Each structure stands twice: as structure tokens, then as C-alpha cells.
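Single-letter residue listing:
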Amino acid sequence: MKNTIRILCAVLAMAMLMTGCKIMLPGTPDVAATYEGGQLTTGEYLAYLFLHFDDTVQNMQYDYTMYQYLQAGEDPWTSPNIRFPYTQADGTEVKMDLETYIRRQAEDSIKRNIVLEKMMKDNGITAPAEELKLAKEEIENRYGSSSGLLDYGIGEESLSNVFTDVYLNEYLAFMGTYGELGGKKGPKAVADADIRKYFETNYLSYKIITVSLTKSEKQSDGTSKTVPMTEAEKNDELKKLQGYLAICNEKGFEAAMDSYKKDTATDKDAKIEPSTDEQNRQNADATQMTDEALVKAIRSVEVGKAKIVEYGGTEAKDGKEATPNTTASLILRMDINKPDTLYKDSVESILYELKYEEFEKQVKDAMAKVVVTFNDDVLAQCGPKDFVEE
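Here goes a summary of the coordinates provided. Small disclaimer: the values here were computed from a predicted structure and weren't measured. (Residues numbered from 1 in each chain as written. Predicted model: local features only at pLDDT ≥ 70, side-chain atom pairs only at ≥ 80, totals over all residues. Heavy atoms only, no water.)

**As for the overall build of the protein**
Working step 1: What the protein contains, in helices and strands, is 14 helices and 13 strands.
Working step 2: On the protein, roughly 22,000 Å² of surface is accessible, and the fraction owed to carbon and sulfur atoms is 48%. (Helix = DSSP H or I, 4+ residues; strand = E, 2+ residues; numbered from the N terminus. Areas by Shrake-Rupley, 256 points an atom, 1.4 Å probe, with all protein chains shown as cover.)

Here it is, written out as C-alpha cells:
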């Protein structure tokens with residue numbers, strides 16, 4: 001089990017997953033499941049299991065609590081402390097053990113792709129050659145040669161088919177319905193005017209230099225507390241920004257950023273590499289920005305102009321006193337339409353913002369009607385535990 005723990009912490013290489021497996025013993029059925037209009041080979045079922053096993057293992061390493069249990073020697077397959085949240089069709093959440101969770105994720109993925117493939121077929125959506133090429137390259141980047149998976153009954157064709165289903169069909173079904181693929185607009189394609197309106201309303205482009213208007217103050221009990229700067233300290237910070245603003249207006253924002261980097265460098269003798277427009281320019285959908293005060297600050301600056309803005313405080317309201325601003329920034333607001341590549345590069349993101357909720361509901365409603373009948377012998381023979389060396 002020591003090897004299992006190390007594997008589940010994603011410490012061992014993929015090669016360590018390739019031994020000691022009982023999968024695909026003689027007599028294992030070739031067909032793992034059937035559904036209306038098609039079937040799933042055992043090799044494809046194993047590929048689904050493997051991809052979700054791999055994803056789950058990778059995600060486990062970022063869960064500190066789970067990592068602690070594994071380090072303590074608890075069995076990831078049987079420990080009651082190691083459970084995974086799973087949202088059921090009715091929206092309720094249940095906790096599952098590792099094997100049940102991986103199997104359920106694989107089954108859901110199979111149903112989802114049955115729906116996506118039907119949607120693609122009904123709408124005449126096919127994968128462009130370039131997308132298939134990228135999917136193949138991604139398989140090679142992730143897993144190298146798939147020949148090692150043959151010990152599990154997962155052939156190159158099965159892995160390629162399933163990987164494409166899991167990581168490509170989602171995009172193809174969505175864009176082929178609401179956007180454009182290969183020069184062909186989908187049956188529910190969003191009007192260009194609506195995409196442009198969203199872009200003009202919500203997208204921001206800016207360059208920014210920020211200073212804090214707070215400081216850390218040691219308390220009588222030895223702890224530290226963040227408190228507002230004194231007026232004199234605040235004025236010193238604002239004076240620095242005024243200097244950067246003057247440089248910005250005279251020589252451009254990149255010169256101002258270089259001056260800021262030099263002033264704040266820990267090693268004053270270190271060489272400062274000149275900054276570039278690409279490095280300094282930030283483009284964002286305001287609806288996705290979590291700092292509402294920053295959004296308001298950016299919007300307060302005229303396009304093409306630079307200004308110092310203080311923000312982060314609160315106004316007096318409902319009997320509560322106002323709080324001072326916590327941040328000051330030199331903000332140069334850019335024209336989102338210059339260059340026009342920003343709009344072009346943002347179209348897909350905008351489509352997802354406008355239509356993904358509708359798409360997801362359509363897919364989930366269809367998934368609820370899909371019936372997949374699994375071969376019990378395959379389920380008994382093939383499971384995620386078999387991808388782990390004992």
C-alpha cells in the first residue's frame with residue numbers, strides 16, 4: 001500500500017502504473033456497455049476509467065487534508081476519512097469513496113459524451129482536422145506512447161477516441177451550436193452584434209501601478225494588524241505615484257513601470273529589464289473580476305488617459321462609519337478596440353458567458369434520459385484499483 005499512497009500523491013511516474021494488473025484476463029467481454037444507437041467497447045470503458053483515475057489522482061495532491069491522511073498511512077480506497085464530494089442529478093451532494101467516485105465520474109462522462117455526440121450529429125458538427133491534430137498532440141504530451149496502456153486493455157485507438165470525447169467534444173458541441181466552426185455558423189449562433197455589445201459593455205484594458213495605503217502594525221499581544229497609514233505616510237505614497245504619472249505622461253507607461261520596478265527592487269544594483277506593452281497591458285472581462293473597487297476605479301479613468309485613483313474604502317452607510325481607502329493606483333486606461341485582436345481573441349469567452357448556462361442545462365436534461373446498460377462481468381473485472389501497483 002506504500003506504493004499506492006505514493007502514486008495517489010502523484011509522486012511516481014506514469015510508468016509505475018503499468019504493472020500488476022488483472023484487467024483484460026482471457027474471457028473478458030469485448031463490449032462493456034450498450035445504449036440506444038451504440039455500444040462502448042471494454043477498451044474504451046477502461047480508457048474512461050483511466051482518464052478519471054488520472055485526473056482524480058492529480059487533484060488529490062492539492063488537497064492538504066487528504067495529503068495528511070495519506071502521509072499518515074491511511075488507505076485511500078477504504079479510509080472513512082478520504083471521501084469525495086459528488087453532486088447528484090437532483091443537485092444534492094453526497095460523499096463517495098475513491099473507487100465509487102472514479103466509477104461514477106466515468107459513467108457520467110460516458111453519458112455526457114453520448115449526448116454531445118448526438119448533438120454534434122444532429123447539428124452536422126464535425127471535428128476540424130486541426131482540432132484532431134491538437135488532441136493527438138495533447139495525448140502524446142500527457143502520456144507519451146500509449147503502448148504501456150496495452151497491459152490494461154487500453155489500445156491507442158480506444159485512448160484516442162475517449163480522450164477526444166472527453167476533452168474535445170465539449171468544445172465542438174458548444175462552438176458548433178452557438179459559435180462558428182470551420183467557417184460554418186451553428187444553428188443557434190449568437191449574433192455578431194450581441195457579441196460586440198457584450199464586449200463593449202464589459203471588457204476593460206488597462207495598465208496599472210499600485211501602492212498600498214495600509215501598513216502592518218504590531219499589537220501589544222505580539223500579533224500584527226493591518227491599519228491605515230498616517231496622512232503623512234499616505235502622502236508619501238501618493239507622491240511616488242505622482243512621479244510615475246509624470247514619467248508616464250512624458251515618456252510612456254513602460255518608462256514609468258521601469259522606474260517603479262527600480263524603486264521597489266530588493267537588490268538596488270540588479271539590472272532592470274525594460275518592460276513591454278505586452279507585459280504591462282491587462283485585458284479583462286469586468287464581470288469576472290472579483291475586485292469590484294478596482295473595476296470602478298478603472299472605469300473612472302477616461303480611455304487613453306492616465307490618472308491616480310484611490311479606492312478600497314467604504315462610505316458611511318446604515319449607521320456604519322466610513323473606512324479609508326486601502327489602495328492607490330496609477331491607471332492608464334487603454335482602448336479595447338486597439339488592436340482589434342482583443343475582440344477577436346475574446347469571442348469564444350464571450351460566447352461561454354452568454355450561452356454556457358443554456359448549453360449545460362440542455363446537456364444535463366438530455367443526460368437524465370440516457371440509459372446505459374453495463375456488462376456486470378466487465379464491471380467486476382475492470383476497476384480503478386487495477387491501475388495501481390500493490
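**A word on the packing of aromatic side chains**
Working step 1: Applying the stated criterion across every chain, the model contains 13 aromatic pairs.
Working step 2: Linked through ring pairs, Phe174, Tyr178, Tyr352, Tyr356 and Phe359 together constitute an aromatic cluster.
Working step 3: The ring of Tyr343 is capped by Arg196, whose NZ or CZ atom sits 3.7 Å from the centre of that ring. (Phe/Tyr/Trp six-rings, centres within 6.5 Å; stacked < 30°, edge-to-face > 60°. Lys NZ or Arg CZ within 6 Å of the ring centre and 35° of its normal.)

**Concerning helix α4 (residues 98-122)**
Working step 1: With 25 residues, α4 should cover 36 Å at 1.5 Å per step; its first-to-last C-alpha distance of 36 Å lies within 8% of that length.
Working step 2: The N-cap residue of α4 is Asp97: its side-chain oxygen and the backbone nitrogen of Glu99 are 3.2 Å apart.
Working step 3: One or two positions beyond α4, positive phi appears at Gly124, with a value near 65°. (Expected span 1.5 Å × (residues − 1). Polar contact = N/O pair within 3.5 Å; in protein donor to acceptor, adjacent residues only side chain to side chain.)

**Some words on the sheet that holds strand β1 (residues 31-35)**
Strand pairs in the sheet, formed through backbone hydrogen bonds, run parallel or antiparallel to each other.
Working step 1: Strand order in the open sheet formed by three strands is β2-β1-β13, with antiparallel pairing between adjacent strands. For this open sheet the edge positions go to β2 (38-41) and β13 (372-374), each flanked by a neighbour on one side alone. Here the average twist between neighbouring strands, direction ignored, is 20°.
Working step 2: Along the sheet face, helix α2 (residues 42-60) touches β1, β2 and β13 and points at about 70° away from the line of β2.
Working step 3: Each of β1, β2 and β13 is contacted by α4, which is oriented at about 140° to β13, the strand it contacts most. (Pairing = 2+ DSSP bridges. Axes fitted to C-alpha atoms, helices over the stretch in contact; angles between N-to-C directions. Contact = heavy atoms within 4.5 Å.)

**Here we look at the sheet that holds strand β10 (residues 282-285)**
Working step 1: The strand order across the open sheet built from four strands is β10-β7-β12-β11, with neighbouring strands paired in antiparallel fashion. Edge strands, defined here as strands with exactly one partner in the open sheet, are β10 and β11 (306-311). The average undirected angle you get between the axes of adjacent strands in this sheet is 45°.
Working step 2: Pairing analysis gives four bridges linking strand β7 (residues 203-212) to β10, with the strands arranged antiparallel. Residue pairing in the sheet places Tyr206 in a bridge with Gln282 of β10.
Working step 3: Here helix α8 (residues 192-202) sits on the sheet and contacts β7 and β10; the angle it forms with β7, its principal contact strand, is near 20°.
Working step 4: Against the sheet, helix α13 (residues 341-367) contacts β7 and β10, and its axis sits at roughly 95° relative to β7.

**A word on the packing of helix α9 (residues 231-251) against helix α10 (residues 253-264)**
Working step 1: As a packed pair, α9 and α10 sit with axes 6 Å apart at the nearest point and diverge in direction by 145°. In this structure, α9 crosses over α10, and the sense of that crossing is right-handed. Where α9 approaches α10, its residues Tyr244, Ile247, Cys248 and Lys251 are matched on the opposing element by Phe253, Ala255, Ala256, Ser259, Tyr260 and Asp263.
Working step 2: Grouping the constituent residues of the contact of α9 with α10 by class yields seven nonpolar, one polar and two charged. (Left-handed = near helix turned anticlockwise from the far one by under 90°. Nonpolar A, V, L, I, M, F, W, Y, C, P; charged D, E, K, R; others polar.)

**Topic: the pairing of strand β9 (residues 224-228)**
Working step 1: The pairing of strand β8 (residues 214-218) with β9 spans five bridges and is antiparallel. Bridge assignment links Thr214 to a residue of β9, and that residue is Pro228.
Working step 2: Hairpin connection, β8 to β9: the antiparallel pair is bridged by five residues, and Gly222 has positive phi, about 95°.

**A few points about the environment of Asp376**
Working step 1: One can find Asp376 in helix α14 (residues 376-381).
Working step 2: For Asp376, a relative accessible area of 59% corresponds to the exposed category. (Buried < 20%, exposed > 50% of the residue type's maximum accessible area, 1.4 Å probe, protein only.)

**Comments concerning α10**
Each turn of an α-helix holds 3.6 residues, which means side chains three or four residues apart point in the same direction.
Working step 1: The first and last C-alpha atoms of α10 sit 16 Å apart over 12 residues, in line with the 16 Å expected at 1.5 Å per residue.
Working step 2: For α10, the complete set of buried residues consists of Phe253, Glu254, Ala256, Met257 and Ser259.
Working step 3: Where α10 is buried, its residues touch β7, α9, α11 (277-280) and β12 (327-333).

**Concerning the packing of α8 against α13**
Working step 1: As a packed pair, α8 and α13 sit with axes 9 Å apart at the nearest point and diverge in direction by 100°. Taken together, the axes of α8 and α13 lie roughly perpendicular to each other. Packed against α8, whose contacting residues are Asp192, Asp194, Ile195, Arg196, Tyr198 and Phe199, the element α13 presents Leu342, Tyr343, Ser346, Val347, Ile350, Leu351, Glu353 and Leu354 at the interface.
Working step 2: Looking at the contact of α8 with α13, its residues break down into nine nonpolar, one polar and four charged. (Parallel < 35°, antiparallel > 145°, perpendicular 65-115°, else oblique.)

**Some remarks on the environment of Tyr48**
Working step 1: Tracing the chain through its elements places Tyr48 in helix α2.
Working step 2: Through-space distance from the C-alpha of Tyr48 to that of Gln105 is 8.8 Å; in sequence the pair is 57 residues apart.

**Some details on the pattern of salt bridges**
Working step 1: With the rule as written, the count across this model stands at 16 salt bridges.
Working step 2: For Glu233, the salt bridge goes to Lys215, with nearest N and O atoms at 3.0 Å. Remark: Lys215 occurs in strand β8 and Glu233 occurs in helix α9; sequence separation between them is 18 residues.
Working step 3: For Glu233, a relative accessible area of 29% gives the class partly exposed.
Working step 4: For Lys355, the salt bridge identified is with Glu358, shortest N-O distance 3.3 Å. One end of the pair is Lys355 and the other is Glu358, both in helix α13 and three residues apart, which spans about a single turn.
Working step 5: Classification of Lys355 as partly exposed rests on a relative accessible area of 23%.
Working step 6: Look at Glu358 and you get partly exposed, because its relative accessible area is 36%. (Salt bridge = Lys/Arg side-chain N within 4 Å of Asp/Glu carboxyl O.)

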